[in-house]
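Tertiary structure, described
Residue strings, one per chain:
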Amino acid sequence: MTRLTPPSRLWGSNGVAFGPDGRLYVAQFLAGQISAVDVASGDVEVVVPADGPVASPDDLAFGPDGSMYITDLVPGRVWRRDPGGEYTLVSGDVALPNGIACAGERLFVNEMRMDGRVLELFPRDQDAKPVVLADGLAMGNAMQLGPDGFLYYPHMLTGQVFRVSPDGGEPELVAGEVHEPVAVRFDRGGVLLVLSRGAAGFVTRIELDSGRRSVVESGVVGLDNAAFDDDNRMFVSSFASGGIAELHEDGRTRQVVPQGLGGPYGVAVDRAGTVFTADHYRLASVDGDAVSTRELFLFSHGVVADGELVHVTSQYGDVSTYDPRSGEVTVRARGLAAPCGLAVRPDGTLLVAESGAGRVVALGGGTAEDVRVVANGLSRPVDVAVDTRQRWYVSDEDLGAVLRIDDGTPVSVVDGLDAPQGLTIRDGELLVVESGRRRVLAIDPDTGERGIAVDDLALGLPAGATREPPALFSHGLPGVPRQFAGVAVGPEGALYVSATGEGSVLRVDPD
């Protein structure tokens, strides 16, 4: 068994802020944890673990007493973690809280939704109602108090940056036509920097006095946030690929914590041997020990190779076809309920496990309207496979079973499994990732006889850690995804498995 990619040290990296101890604290939405990074050595320490009260930390800020304030995005909560490590709920009434800033003892947050708000919260007074400073935000995100005493924040969907007084008043447009703004930050000299969330990693520098702009391309895919140390060095995070990089004014970067996979979830291998993985925010490929972002696909979960094409599912309900040669993306279906794993029949029909609806659907004809239900009445189907006799199989995580679809009726092949997920076929055998027992089983589809193909895999949460299953959607945004460990067979017969417990892709040779 070989790791194609090193284990991820940060499962995605979102909000960042320097703490009183001089370390850079990193919120990790996907991992549900916060880590502290020594920017000199690159050492990473988990400070807020995944099985604590914070479910999906997205941004953080420090108060003057050293307390850490955290926006818990999908549950809609804001937390205070005092210097002794005790947690207090500041508010549970903010819809998708994201950007957060401290101004002395005062605390401000904004909402990452349409018609969102900028709010002042009162962590020392649990009975105080939030005060609305601004509304009508088109998806707010990382914000900061500027040197002029105003709060600066982006509208992600309109390409604008606004500011508002902490004491209220009419918000003022600071900059328009900014490329996909996701965060605003001030360096130690008072220059405004706006990070873009796209594939190029643009950073726009704006001098407030003159309005003069300059743009650099960092190459960091999916920039999320930034922080400046006492020497005015800029450190940036990436929601798409994790890691922490030092970013120089000319766009050069130095990796402090290497980028890695945010999942990975589904895995596929094309006939040329290229390994693809659905990595929540992107479709990535593994080349040697390097990971490349092929396309930003929001909430991607399942992936399958089909000749020279790759098909991808999104938890938003889409199924898309990606052509690696041209980069063209074609939407095959919309509005499905949490589609997950998928398979391709010889005639080009796609079979998709629609987890949120408890069914399997077939997509044909290449249009978004051509969707047909082929199996219903399942609990949580997560992956599908087709054998050489054109029989269809589905793994159902909640039922703990692998089933065959006979004339639209699910028939159990094997049950009693602990969270079966990824499913594929090799040499007539069904191979299923039994995530709950951290192994891959080989199953005879005719007799149900099973054996262990691979054992002791890094799957799921670390030993002893527990988390409540996430809410699927909150205010239209998918929650922290359920982990989905995919499996695929390469042209030479090797198995490829998503090691969700460490953030890597594993290759298991046929012998």
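The sections below set out a description of the structure shown in this document. (Residues numbered from 1 in each chain as written. Predicted model: local features only at pLDDT ≥ 70, side-chain atom pairs only at ≥ 80, totals over all residues. Heavy atoms only, no water.)

Regarding the overall build of the protein
Rules: Numbering of helices and strands runs from the N terminus, with a helix taken as a DSSP run of H or I at least four residues long and a strand as a DSSP run of E at least two residues long. In this treatment the radius of gyration is a C-alpha quantity, and the globule benchmark scales as 2.2 Å times the residue count to the 0.38 power. The classification of residues rests on relative accessible area computed with a 1.4 Å probe and restricted to protein chains. Under 20% of the type maximum is buried, over 50% is exposed, and intermediate values are partly exposed. We call two residues contacting when some pair of their heavy atoms lies within 4.5 Å. In this tally Asp and Glu are treated as negative and Lys and Arg as positive; neither His nor the chain ends contributes. One atom stands in for each charge, and that atom is NZ of Lys, CZ of Arg, CG of Asp or CD of Glu.
Tallying secondary structure elements over the protein gives zero helices and 50 strands in all. The C-alpha atoms of the protein give a radius of gyration of 23 Å, which matches the 24 Å a tight globule of 511 residues would have. Across its three principal directions, the C-alpha atoms of the protein cover 70 × 45 × 45 Å. Among the 511 residues that make up the protein, the fraction classed as buried is 58%. Taking the contacts inside the protein whose residues are at least 6 apart along the sequence as the reference set, 43% of them involve residues at least 24 apart. Between the centroid of the 42 positive side chains of the protein and the centroid of its 72 negative side chains there is a distance of 1 Å.

Details of the nonpolar core
Worth spelling out the cut-off: Throughout, nonpolar core names a set of buried Ala, Val, Leu, Ile, Met, Phe, Trp, Tyr and Cys residues whose side chains join them through atoms within 4.5 Å.
One finds Leu 195, Val 203, Met 234, Val 236 and Tyr 281 to be the most contacted residues of the largest nonpolar core, which totals 32 residues. If you list the elements that add at least two residues to this core, you get strand E18 (181-186), strand E19 (192-196), strand E22 (223-228), strand E23 (234-238) and strand E24 (244-247). It is E22 that provides the largest number of residues to this core, a total of three residues. The residues contacting Val 203, other than those within four sequence positions of it, are Leu 193, Val 194, Leu 195, Ser 214, Val 215, Val 216, Leu 223, Met 234 and Leu 247. If you look at the next biggest cluster of nonpolar residues, it comprises 15 residues, including Ala 343, Leu 378, Val 386 and Ala 401.

Here's the deal with the sheet that holds strand E17 (residues 172-175)
What counts here: DSSP bridges decide pairing: two strands pair if at least two such bridges lie between them.
Taken in spatial order, the four strands line up as E14-E15-E16-E17 in an open sheet, and their pairing is antiparallel. On the outer flanks of this sheet lie strand E14 (144-145) and E17, each paired with one strand and no other. Strand direction decides the pairing type here: E14 and strand E15 (residues 151-155), joined by two bridges, are antiparallel. Note that in E15 the partner of Leu 145 across the bridge is Leu 151.

Looking at the side chain of Thr 424
The residue Thr 424 is located in strand E42 (residues 420-426) in this model. Residue classification places Thr 424 among the buried positions, given a relative accessible area of 13%. Every residue in contact with Thr 424, bar those within four places of it in the chain, is listed here: Ala 385, Glu 429, Leu 430, Leu 431, Val 487, Ala 488 and Val 489.

Structural notes on the pairing of strand E33 (residues 329-333)
Examined bridge by bridge, strand E32 (residues 319-322) and E33 share four bridges and lie antiparallel to one another. In the strand pairing of E33, Ser 320 is matched with Val 331. Here E32 folds back onto E33 in antiparallel fashion, the turn holding six residues, of which Gly 327 has a positive phi close to 80 degrees.

A look at the packing of aromatic side chains
Applied cut-off: Side-chain rings of Phe, Tyr and Trp, where Trp is taken by its six-membered ring, are said to pair if the distance between their centres is within 6.5 Å; with planes under 30 degrees apart they count as stacked, over 60 as edge-to-face, and otherwise as tilted.
Applying the stated criterion to the full structure yields eight aromatic pairs. With a centroid separation of 5.1 Å and 70 degrees between ring planes, the pair formed by Tyr 25 and Phe 62 is classed as edge-to-face. One end of the pair, Tyr 25, is in strand E3 (residues 24-28); the other, Phe 62, is in strand E6 (residues 57-62), and 37 residues separate them in sequence. We classify Tyr 25 as buried; its relative accessible area is 8%. Taking 4.8 Å as the distance between ring centres and 90 degrees as the angle between the ring planes, the aromatic pair formed by Phe 299 and Tyr 316 counts as edge-to-face. Of this pair, Phe 299 sits in the loop between strand E29 (290-295) and strand E30 (300-306) while Tyr 316 is found in the loop between strand E31 (309-314) and E32, placing the two residues 17 residues apart along the sequence. Overall, Phe 299 belongs to the buried group, its relative accessible area being 5%. Judged by its relative accessible area of 38%, Tyr 316 falls in the partly exposed class. An aromatic cluster of three or more residues is present, and its members are Phe 239, Tyr 281, Phe 299 and Tyr 316.

Remarks on the pattern of salt bridges
For clarity, the cut-off: Basic side-chain nitrogens of Lys or Arg form a salt bridge, by our definition, when they fall within 4 Å of a carboxyl oxygen of Asp or Glu.
One pass over the full model with this rule turns up 33 salt bridges. Residue Arg 212 pairs with Glu 207 through a salt bridge whose shortest N-O separation is 3.8 Å. Residue class for Glu 207 comes out partly exposed when judged on its relative accessible area of 35%. Here the residues in one salt-bridge network are Asp 387, Arg 389, Arg 391 and Asp 446, joined through shared partners.

So, the sheet that holds E24
Convention followed: Helix axes are fitted to C-alpha atoms over the stretch in contact, other axes to C-alpha atoms as well, and angles between N-to-C directions run from 0 to 180 degrees.
Spatially, the four strands line up as an open sheet ordered E22-E23-E24-E25, and their pairing is antiparallel. Edge positions in the open sheet fall to E22 and strand E25 (253-257), since each of these has one partner strand only. Within the sheet, the average angular offset between the axes of one strand and its neighbour, ignoring direction, is 30 degrees. The pairing of E24 with E25 spans four bridges and is classified as antiparallel. Residue pairing in the sheet places Glu 246 in a bridge with Arg 254 of E25.

Some points on unusual backbone geometry
Each neighbour pair has its own omega, and for Gly 263 with Pro 264 the value is -10 degrees, a cis peptide bond. The topology assignment puts Pro 264 in the loop between E25 and strand E26 (267-269). The backbone of Met 139 sits at a positive phi, close to 70 degrees, despite the residue not being glycine. Positioned with a positive phi, Asp 407 is a non-glycine residue whose angle comes to about 55 degrees. Within the element layout of this structure, Asp 407 appears in the loop between strand E40 (401-406) and strand E41 (409-414). Judged by its relative accessible area of 83%, Asp 407 is exposed.

A short note on the environment of Val 46
With respect to the element layout, Val 46 can be found in strand E5 (residues 44-48). Remark: the alpha-carbon pair of Val 46 and Val 26, spanning 20 residues in sequence, is separated by 9.4 Å. Residues within four places of Val 46 in sequence aside, it is in contact with Gln 33, Ile 34 and Ser 35.

Quick notes on the side chain of Arg 332
Filter applied, for reference: Here a polar contact means two N or O atoms within 3.5 Å. Within protein one must be a hydrogen donor candidate and the other an acceptor candidate, and residues neighboring in sequence count only if both atoms are side-chain atoms.
Among the secondary structure elements, Arg 332 is positioned in strand E33. At a separation of 3.2 Å, a polar atom in the side chain of Arg 332 contacts the side chain of Thr 321.

What about the environment of Asp 279?
On the secondary structure map, Asp 279 appears in the loop between strand E27 (275-278) and strand E28 (283-287). A relative accessible area of 0% means that Asp 279 is categorised as buried. Considering only alpha carbons, one finds Asp 279 and Asp 347, 68 residues apart in sequence, at a separation of 28 Å. Residues contacting Asp 279, with those up to four places away along its chain left out, are Ala 240, Gly 260, Leu 261, Gly 262, Gly 263, Pro 264, Tyr 265 and Ser 300. A polar contact is formed between the side chain of Asp 279 and the backbone nitrogen of Gly 263, at a distance of 2.8 Å.

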